[in-house]
Amino acid sequence: MKFLVLGTLEVWDGQNRVTLPSTRHQRVLAMLLLTPGAVVPVSKLVEATWDDEPPATATKQIQNCVSALRGRLGDTECQVIATDGRGYRVAVTEDQLDLLCFTRRIATARVLAAAGEPAEAVLEMRSALRLWRGPALDGLGTAALTARARRLDEQRLDALEQCVDWQLALGEHREVADELVELVTEHPLRERPHAQLMLALTRCGRQAEAIEVFHRLRERLAEELGVDPGAEVRELYERVLRGEVDLSPPVSAVREPGSAPAPRPGPAAPEPPRLDRAVQELVMVITRQWTAEAEVRSLNRPEPVPLRWSETRRQVAAVAAAPPYGRSAEDPDRPMPSGGLTDLLARFRQVPTRQLVVLGGPGAGKSVLAILFTLGLLADHRPGEPVPVLFSLASWNPHREHIHRWLARMLVQEYPGLANTAVYGRDAATRLVVENRVLPVLDGLDEIPPGLRAAAIDALDRAVAGDRPLVVTCRSEEYELAADQAGAILARAAVVEIEPVALEDAVDFLTARRRVGEERWQPVIDHLRRHPGGALAQSLRTPLMIDLARTAYAHPSTVPAELCDPARFGDRAAIEGHLLDAYLPAVYASWPEPPLRHERPVPARAYDVDHAERWLAFLARHLNRTRTHDLAWWRLDRAVPRPVGGLLLGMPAALLFWITGWLAGGPLIGLVYGLFFAAAGCGVHTLGRRPGPLRVELHFRSTATRFLGRFGIGVVIGVSLGLGWSLSAEMIGLLATVFGLGVGLHVWLATPVDVNRVSSPPLVLRNDRIATWAFTLSFMASLGLFYTVAFAFTREIRFVPILGGTFDLGLACAAGLASGLLGRFLLGNLGGAAYGLAGTVVGGLIFSRAPSLANALTVGALFGLAGGLTVGLARAWGAFTVVRLWLAARGHIPLHLMRFLDDAHRRGVLRQVGAVYQFRHARLEERLAARCGAPPTSRGRGG
């Protein structure tokens, strides 16, 4: 079975074309094929199928479409279109889907070019371009599909331009000239093919025509966008005029029009092929990551709120960054640059340093613009350009960490495959940053604590002084305050500011999904036009409030006209407060789920709005109190008072140790075991900090050498313990084997194979759960076996007995060293000291051997369980599980918290930023926190 989307949607079964029942079926299949292997929620399939308000039976109709598609495809066992949770996913290989083949061939071509084989790269790229049969998904024009198809067409155009660059480098200017003439005719505002055509014509001896190409481009840009051609095109034009264009340049000397300067060499010898692979894979994975997030946030449903920007009039931009792009003393009447997203991308490319600051008020759409800006750069990613990588700045402390080190750390956290040295080389993330291979898009400078903002701006300015590209978003007043009070600015960055949403743009967005003949919004529209300066119009000047209004009044039974009532909503604060309060009841309406395959239908999971509000309010208060916007599951223990958390995490293991000591040596021994392990566990969990989650996966291939090394370490530990307790050679051999296996299996917890796995809260939790169980079970088996054989078979040799023979210093030192190393491994220096002391006291106690093997096995099993529980609760997932159960029992959060958070993310209440969630906007978070009785702190965060 073959599927074709690069043109009209087609399905082929061998030599025969499969006829699909209707356009509706084609749209469902197309939406699935656009994200092969990924789950597409039913809600997204509904959006792709109906442009207008979907019918009440939309979910059922989608299920029927999928069933019919399976029948046409002969997919009787649901292997091609699989049901997965709330949606469906299509399972196809590269040979079955032309889109996957196209993507693979492009990546191969770029690797060939990076390896110095441009001729082979051209052949591979041309084979990829031949897969296209016309515009992507031609004829399936719903808004959702059209936006996705437009991005595919952009990828094709980018691939064609890149191929032309390589051919020009090979001297094939005559071969590409005619093709470029057609390309600039189809895309009259695209600068890159114009530059390529100018270069090709000049090398063909047609200098006058090349000059004419530039003049036509300049006229069109001025008439339609009000901007001049970019610096690269202007520079090429001047070289053509001076006759300085090399007619037959060597391949190594050619620099693609619009590409960034070559990166400066670092102190170590680079590894271009492997680093280039990381770059190419980052382009693909970041595109998928933020495309999916844009879909979850419904940014293209059907279109995002139009965001307009203009050059800021605040005194926060340096003079060096202003001319010739803004007003100057020589030309005070020149209009300030302004425009939409496409214009902002062009504006960014015009700035020589590629440094840009985007300002805006609360809810102005800065975070949305950062996502769309990143996707726009990725859709037009050019060879040699750095990869745009979007991060939230909230976790950066400029006093403690250099921005480059922070960026490298965040890259590994969000794309853990970069730590795989076998695939990408050593320190791949650091080299990507240092060698200028990534473009940081840093969202939310205002999220940094106020006392650090000026220092952060100054640190950024020093870090990008060598013309390193950078994009930063910040609230306008916070950035201006830092500039006024400390003189902190980015000295070579252009500064633009998001404008309030135009009245008609707000009207268009509010009514974009209105059904034919529906008049519910007409009173609001009339009121806005009659009172353009009124409270309602002022409220609907930001994308946040416009989206809240459309969401709150989406149901046909609601009455938007109530917003016009001055008695209820006399000012802007009242209107915005009402919209914030109405948001959760609107989004927590019933949401039917499709039935799961091989399971009987279950009722849809519906959260009562009162419960949802109470849980979200508790989480908002927790974030407010800890002064962060990042809702990280591994920091949930901070929602519990430290002494309570210490007891919850320290006492379970201590109780098991108490029972173990009682059974082994009597009540007094049990009391010592319990008291000292309780003091160690509760103290460490109260005062210390546990490590974050492990972003690892199970891998067995190519681990033999490392496994043997770790196994040897475990053997040494086992032999040492066996000798310390005077065990027989057979028992020592058994201990050595078990400890060797217990320590050795940890090598199977390795970093992901490649960078294609993006961190997400469920994925990070799943990986850390695997690691926690691996550590817990291995230590449980090792410690349990050790205690069993030591209790049953020790020869009772004493080394340095004291206190009347009830305590042995030799045994105490051995046990203290072992438990101290374990404690440090789990919980750092404090854990090493606390558990080392507990192990010293407990290990030095002298009591009789086990009266029977059964007694030894029982006590050993309890000791192993206590040790395993100590290890498990010291890991992020173990602590999260206990704290989650405690908070759920008190009604603060739901029992299945991650399921609830994932549901809130899909409803739009939360947004996903890498491995953490955030509330969709700080104002919603603060509103919910205030309901819980906590006065919100002013930490800022733009929308």
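Here is a short report on the structure shown in this document. (Residues numbered from 1 in each chain as written. Predicted model: local features only at pLDDT ≥ 70, side-chain atom pairs only at ≥ 80, totals over all residues. Heavy atoms only, no water.)

Considerations on the overall build of the chain
Here's step 1: Scanning the chain for helices and strands turns up 34 helices and 19 strands.
Here's step 2: In the chain, buried positions account for 55% of the 943 residues.
Here's step 3: Considering only contacts within the chain whose residues lie at least 6 apart along the sequence, 76% involve residues at least 24 apart.
Here's step 4: Put simply, the chain shows about 40300 Å² of open surface, and 57% of that area lies on carbon and sulfur atoms. (Helix = DSSP H or I, 4+ residues; strand = E, 2+ residues; numbered from the N terminus. Buried < 20%, exposed > 50% of the residue type's maximum accessible area, 1.4 Å probe, protein only. Contact = heavy atoms within 4.5 Å. Areas by Shrake-Rupley, 256 points an atom, 1.4 Å probe, with all protein chains shown as cover.)

Observations concerning the pattern of salt bridges
Here's step 1: On inspection of all chains with the given rule, the structure shows 31 salt bridges.
Here's step 2: Across the salt bridge formed by Arg314 and Glu497, the nearest N and O atoms sit 3.0 Å from each other. Of the two residues, Arg314 is situated in the loop between β7 (309–311) and β8 (338–339) and Glu497 in strand β13 (residues 494–498); the sequence distance between them amounts to 183 residues.
Here's step 3: On the accessibility criterion, Arg314 (26% relative accessible area) is partly exposed. (Salt bridge = Lys/Arg side-chain N within 4 Å of Asp/Glu carboxyl O.)

Looking at the packing of helix α5 (residues 118–129) against helix α6 (residues 143–169)
Here's step 1: One can describe the packing of α5 onto α6 by two numbers: an axis separation of 10 Å at closest approach and a directional angle of 155 degrees. When the axis of α5 is compared with that of α6, the two are roughly antiparallel. Seen from above, α5 lies across α6 with left-handed handedness. Side by side, α5 and α6 meet where Ala121, Val122, Met125, Arg126 and Leu129 of the first sit next to Arg156, Ala159, Leu160, Gln162, Cys163, Val164, Trp166 and Gln167 of the second. (Axes fitted to C-alpha atoms, helices over the stretch in contact; angles between N-to-C directions. Parallel < 35°, antiparallel > 145°, perpendicular 65-115°, else oblique. Left-handed = near helix turned anticlockwise from the far one by under 90°.)

Focus on a positive patch on the surface
Here's step 1: Among the surface-exposed residues, Arg400, Arg638, Arg642 and Arg689 lie close enough to one another that they form a single positively charged patch.
Here's step 2: If you trace the backbone, Arg400 turns up in the loop between β10 (387–392) and α14 (403–414).
Here's step 3: For Arg400, a relative accessible area of 76% gives the class exposed. (Patch = residues over 30% accessible without salt bridge, like charges linked within 9 Å, V, L, I, M, F, W, Y side chains within 5 Å. Lys, Arg positive; Asp, Glu negative; His and termini not counted. Charge placed at Lys NZ, Arg CZ, Asp CG, Glu CD.)

Considerations on the sheet that holds β13
Here's step 1: Taken in spatial order, the seven strands line up as β8-β7-β13-β9-β12-β11-β10 in an open sheet, and their pairing is mixed. Where the open sheet ends on each side, the last strands, each with one partner, are β8 and β10.
Here's step 2: Two strands pair when backbone bridges link them, and β7 and β13 are joined in this way by three bridges, in the antiparallel orientation. Pairing of Glu311 across the sheet is with Val496, part of β13. (Pairing = 2+ DSSP bridges.)

Focus on α6
Here's step 1: With 27 residues, α6 extends 39 Å between its outermost C-alpha atoms, agreeing within 8% with the 39 Å of an ideal straight helix rising 1.5 Å per residue.
Here's step 2: Extensive coverage of α6 is indicated by the burial of 20 of its 27 residues.
Here's step 3: Phi turns positive, to about 85 degrees, at Gly171, one or two residues after α6. (Expected span 1.5 Å × (residues − 1).)

Side note on helix α24 (residues 609–625)
Here's step 1: Between its first and last C-alpha, α24 extends 24 Å over 17 residues, near the 24 Å set by a 1.5 Å rise per residue.
Here's step 2: Burial in α24 covers these residues: Ala612, Glu613, Trp615, Leu616, Ala617, Phe618, Leu619, Ala620, His622, Leu623 and Asn624.
Here's step 3: Residues of α24 that are buried sit in contact with α23 (572–587), α32 (876–889), α33 (897–907), β19 (916–919) and α34 (922–931).
Here's step 4: One or two positions beyond α24, positive phi appears at Arg627, with a value near 55 degrees.

Quick word on the environment of Val672
Here's step 1: Relative to the helices and strands, Val672 is located in helix α26 (residues 667–687).
Here's step 2: Taking relative accessible area as the criterion, Val672 reaches 18% and is therefore assigned buried.
Here's step 3: Sequence separation between Val672 and Gly661 is eleven residues; the distance between their C-alpha atoms is 7.8 Å.
Here's step 4: With residues near it in sequence (within four places) discarded, Val672 still touches Val841, Val842 and Leu845.

Details of the side chain of Thr511
Here's step 1: Its location among the elements puts Thr511 in the loop between α19 (503–510) and α20 (522–530).
Here's step 2: Looking at Thr511, its side chain comes within polar contact range of the main-chain oxygen of Val507, at 2.8 Å.
Here's step 3: Setting aside chain neighbours within four positions, we find Thr511 in contact with Trp521 and Ile525. (Polar contact = N/O pair within 3.5 Å; in protein donor to acceptor, adjacent residues only side chain to side chain.)

Things to note about the sheet that holds strand β6 (residues 87–90)
Here's step 1: What the three strands build is an open sheet, ordered β4-β6-β5; its pairing is antiparallel. Looking at which strands have only one partner, the edges of the open sheet turn out to be β4 (40–41) and β5 (81–84).
Here's step 2: With four bridges joining them, β5 and β6 adopt antiparallel strand pairing. By the bridge assignment for β6, Asp84 is matched with Gly87.
Here's step 3: Along the sheet, helix α1 (residues 23–34) contacts β4, β5 and β6; its crossing angle with β6, the most-contacted strand, is approximately 70 degrees.

Comments concerning the packing of aromatic side chains
Here's step 1: Counting across every chain of the model gives 18 aromatic pairs.
Here's step 2: Taking the centre distance of 6.0 Å and the plane angle of 45 degrees together, the rings of Trp773 and Trp877 count as tilted. Here Trp773, found in helix α29 (residues 761–793), pairs with Trp877, found in helix α32; they are 104 residues apart in sequence, far enough to count as distant.
Here's step 3: By relative accessible area, Trp877 is classed as buried at 16%.
Here's step 4: Through pairs of rings, three or more aromatic residues link up here, namely Phe657, Tyr673, Phe677, Tyr787 and Phe863.
Here's step 5: Arg156 extends its terminal NZ or CZ atom over the ring of Trp132, reaching a point 5.9 Å from the ring centre.
Here's step 6: Between Arg550 and the ring centre of Phe509, over which it is positioned, the NZ or CZ distance is 3.9 Å. (Phe/Tyr/Trp six-rings, centres within 6.5 Å; stacked < 30°, edge-to-face > 60°. Lys NZ or Arg CZ within 6 Å of the ring centre and 35° of its normal.)

So, the pairing of strand β18 (residues 910–913)
Here's step 1: A two-sided burial pattern is seen for β18, the buried positions comprising Leu910 and Gln912 on one face and Arg911 and Val913 on the other.
Here's step 2: The pairing of β18 with β19 spans four bridges and is classified as antiparallel. Bridge assignment links Val913 to a residue of β19, and that residue is Val916.

Examining the environment of Arg27
Here's step 1: As for its placement among the helices and strands, Arg27 is situated in helix α1.
Here's step 2: A sequence separation of 18 residues divides Arg27 from Leu9, and the C-alpha atoms of the two residues are 9.1 Å apart.
Here's step 3: Only 3.0 Å separates the side chain of Arg27 from the backbone oxygen of Thr49, close enough to count as a polar contact.

Looking at unusual backbone geometry
Here's step 1: Positive phi values are uncommon outside glycine, yet Arg354 reaches one of about 55 degrees.
Here's step 2: When you line up the elements, Arg354 lands in the loop between α12 (341–350) and β9 (355–360).
Here's step 3: For Arg354, a relative accessible area of 14% corresponds to the buried category.
Here's step 4: Phi at Asp427 is positive, roughly 55 degrees, even though this residue is not glycine.
Here's step 5: Among the structural elements, Asp427 can be located in the loop between α15 (421–424) and α16 (428–434).

A few points about the packing of α12 against helix α13 (residues 366–379)
Here's step 1: At their nearest, the axes of α12 and α13 sit 10 Å apart, and the two run at 65 degrees to each other. By the angle between their directions, the pair α12 and α13 is classed as roughly perpendicular. The chirality of how α12 crosses α13 is right-handed. Residues Leu341, Leu344, Leu345, Phe348 and Arg349 of α12 lie in contact with α13, whose contacting residues are Leu369, Leu372, Phe373, Gly376 and Leu377.

Here we look at the pairing of strand β11 (residues 438–443)
Here's step 1: Most of β11 is tucked away: six of the six residues are buried.
Here's step 2: Across two bridges, β11 lies against strand β12 (residues 470–475) in parallel orientation. Paired with Leu442 across the bridge in β12 is Val472.
Here's step 3: Following the chain from β11 across helix α17 (residues 450–463) to the adjacent parallel β12, one finds a crossover that is right-handed. (Right-handed = clockwise from strand over helix to strand, strands pointing away.)

Considering the environment of Ala454
Here's step 1: The residue Ala454 is located in helix α17 in this model.
Here's step 2: The exposure class assigned to Ala454 is partly exposed, which follows from its relative accessible area of 23%.
Here's step 3: Distance from Ala454 to Tyr479, taken between C-alpha atoms, is 8.4 Å for residues 25 residues apart in sequence.
Here's step 4: Discounting chain neighbours no more than four positions away, the residues touching Ala454 are Ala482, Ala486 and Ala488.

The values reported here are purely geometric and, on their own, carry no functional implication.
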